[in-house]
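# Summary of structural features
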Amino acid sequence: MKNTIVTIIFISGMLLNAQNKLNETLNLMPWPNDITQNSSNFLINSSVTISIHGNDQGRVRNAAVNFLRRLADRTGVFIDEGFPISNTNGTIVISFDSVSDLSINTDESYELTVNDKNIQLHAKTDVGILRGLETLLQLTSNNATAYYFPGVTIKDAPRFVWRGLMIDVSRHFHPVDVIKRNLRAMASVKMNVFHWHLTDDQGFRAESKVYPKLHELASDGLFYTQDQIKDIVNYAANLGIRVIPEFDVPGHATAFLTAYPELGSKKDTQYVIERNSGIFDPTLNPTIDDTYVFLDKLFTEMAALFPDAYFHIGGDENEGKHWDENEDIQAFMVANNLETNHDLQTYFNIKLEKILKKSEKNLMGWDEIMTPNMPTTAVIHAWRGERQGLPKGGALISAAKAGYNTVLSNGFYIDLMYAVEDHYNNEPIGDIQLTTEERARILGGEATMWSELVTPRTIDSRIWPRTAAIAERLWSKKEVNDVENMKLRLKDISYKLEELGITHIKNKDAILRGMTNNQDITALVDLSKICEPLKTYTRNEGGTEYKTYSPFTLFADACGTDAEDAFVFNKLVHQLTENVSNESLTPIVEYLKKWASNYAEFEKINNNPKVNALKPLSLNVSKASRLLLKSLQTKELSNEDRKDLNTSIKSLKEPCMDVELVIITSLEKLSQFSNKND
Ligand code: ACM
């Protein structure tokens, strides 16, 4: 009865509205393949129950339990039983045909129908059900008196089979809880591959019982035990996520060689784990049998921990300096007709491929492994593209055309701190013409979270929410590409990630509280909404400013990409200066007033060195805002004031404490605009 009343209330206004502005009324991400709305609504009340019809209910039951928990918490509805007491259908009926073994062939499609009486979710596999339950949860809507699922029919399936997130746990270690919360967030946006970058120059992070010196000597004691690895792999599998380990060889090998220097290419060297960032010379020696005996035993041990069919061997950025310097290696190359270091690395990779085959693993590596003699059984992880001088489509398209399966990360480097739209617009294929076979070799993509500049406190804010937009790029149709609309939906998706334990929002204030010794942080919060950390690797020029144990609780760590006030302000200024729309003037003035008083607020904080370093930023933001206000409001500015304004804008162009002010262009536009109108 309640359902019917609610339905009647909703029918009139909502249906029309929803059909006209479908994308804006539903905060779905990734946007589904096919969606039609109907006029009914399913009321979320205490009698919501879920019945499950399928063979093995392990993975689905776990998802249904989590669904009920999240639904109750999100809505405040006191769900009574959750599952039907007797053997009857629930109000939410889940059915699936088979249990997936989690592979690149897993069918993740689902069909979801919501009407006023019940909800049907059907999928070919249990993993499809997981994807559908996330969609249903994202549909949760409310008015002043009730929560409901809007009536829809959704038929959905991913565009790409590989939708991953790589987390580098070598540069900075990220404990089990960090990984688990990110797995939950990944599942909430239907991502299905966790690529675990376990070794690099800065640390070896997996317990090895065969070669224990690896984790004992090359991790500062920060590593995953084998039980923890198994636990994470199981946890991911329950969420329909495959786990691909990466053991980066033959370069990026300082941690390996810290433990086993005898395998290095430079003789009589004591290697120590690296504290800086960058590309380093320590490299495994590919010409000695011991290296292969070692890798055979180690990879066989590690392969047993990771049930997935793919195993990543890195292979990137080996400049071969220690190979060039080693006479024995040079002699070996001559004796074996290996002309270049690329040939030697291919020789090494082919041996690894054979080793991995014994454990039934497919070798995957960064795109440097794609050399003329590399067998096409390898999977090419394309991290370089046109920006690195490669032909159109970058390594991804070259690999697909050369016969390799391939995964894209070029353009999905979230550690570079680019705006969300950069990643969202990173269409993998675009207008490039491919044969059916070539297209089929493009498996998908991965966001890459390199961890030189992140700790467990900040990593979430670098991954999320932008990775949700990448998830949509990889799941949804190419035509789903409206940036403004994506940003609207992302706002909602972003804060809902908190429900899964993601700390990207709350840790910002925590860092600022830490900076100020728990004083009023308003002045800093306001600045953080118009500042972004320096992009690309300019924050850590040369890789030596920040080391393993540098602080990552500075102002730059509290700032993120897509600074929210800057985004709105820049848009308003554009409107004002291009169209002379007086409507934008009022909110612009409000922003300027707020910023004009920033320094007065800032001064109230009992400063310390961390905060003091921001003084010039606060001072100049205040000064520029005050003078712009004056010129906009009084329509006149003395020559001296104008000079002062120009000087403070000029100062603001200089980065301060590794952040850049991202309203500079707008301040300049306003200055010119007010000058014209003086
Ligand atoms: C890489 O960024 N070196 C794969």
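## With respect to the nonpolar core
One recurring pattern in soluble globular proteins: nonpolar side chains tend to sit buried together. Counting 135 residues, the largest nonpolar core has Trp196, Phe256 and Phe299 as the members making the most contacts within it. With near-sequence residues (within four places) excluded, Phe256 lies in contact with Thr199, Phe204, Leu214, Phe247, Asp248, Val249, Leu284, Phe294 and Leu298.

## Structural notes on helix α9 (residues 289–303)
When the terminal C-alpha atoms of α9 are compared, their 21 Å separation across 15 residues agrees well with the 21 Å that a helix rising 1.5 Å per residue should span. If you check which residues of α9 are buried, you get Thr291, Tyr292, Phe294, Leu295, Leu298, Phe299, Glu301, Met302 and Ala303. Those residues of α9 that are buried lie in contact with β11 (203–204), α6 (213–217), α7 (226–238), α8 (254–259), β13 (310–312) and α12 (341–358).

## Some words on the environment of Val127
Here Val127 shows up in helix α4 (residues 126–139). The class of Val127 is buried, set by a relative accessible area of 1%. Through-space distance from the C-alpha of Val127 to that of Leu239 is 7.9 Å; in sequence the pair is 112 residues apart. In this view, Val127 contacts Arg59, Ser100, Leu102, Thr106, Glu108 and Gly240; residues no more than four positions away in its chain are not counted.

## Quick word on the confidence of the model for the protein
Put simply, the protein has an average pLDDT of 94, and 96% of its residues get 70 or more. Put simply, helix α1 (residues 2–20) is where the protein has its lowest mean pLDDT, 38, and strand β9 (residues 193–197) is where it has its highest, 99. Long-range and interchain partners of residues 1–23, a stretch whose pLDDT sits below 50, account for 27 contacts in this model, where long-range means more than four residues apart.

## Digging into the packing of α9 against α12
When two helices pack together, their arrangement is given by the angle between the helix axes and the distance between those axes. At a closest axis distance of 10 Å, the pairing of α9 and α12 adopts a crossing angle of 35 degrees. Crossing angle aside, the handedness with which α9 passes α12 is right-handed. Counting all contacts with α9, which are made through Thr291, Tyr292, Leu295, Asp296 and Phe299, the residues of α12 involved are Tyr347, Phe348, Lys351, Leu352, Ile355, Leu356 and Lys358. Classifying every residue of the contact of α9 with α12 gives 8 nonpolar, 1 polar and 3 charged.

What counts and how
- Residues numbered from 1 in each chain as written.
- Predicted model: local features only at pLDDT ≥ 70, side-chain atom pairs only at ≥ 80, totals over all residues.
- Heavy atoms only, no water.
- Core = buried A, V, L, I, M, F, W, Y, C linked by side-chain atoms within 4.5 Å.
- Buried < 20%, exposed > 50% of the residue type's maximum accessible area, 1.4 Å probe, protein only.
- Contact = heavy atoms within 4.5 Å.
- Helix = DSSP H or I, 4+ residues; strand = E, 2+ residues; numbered from the N terminus.
- Expected span 1.5 Å × (residues − 1).
- pLDDT = per-residue confidence, 0-100.
- Axes fitted to C-alpha atoms, helices over the stretch in contact; angles between N-to-C directions.
- Left-handed = near helix turned anticlockwise from the far one by under 90°.
- Nonpolar A, V, L, I, M, F, W, Y, C, P; charged D, E, K, R; others polar.

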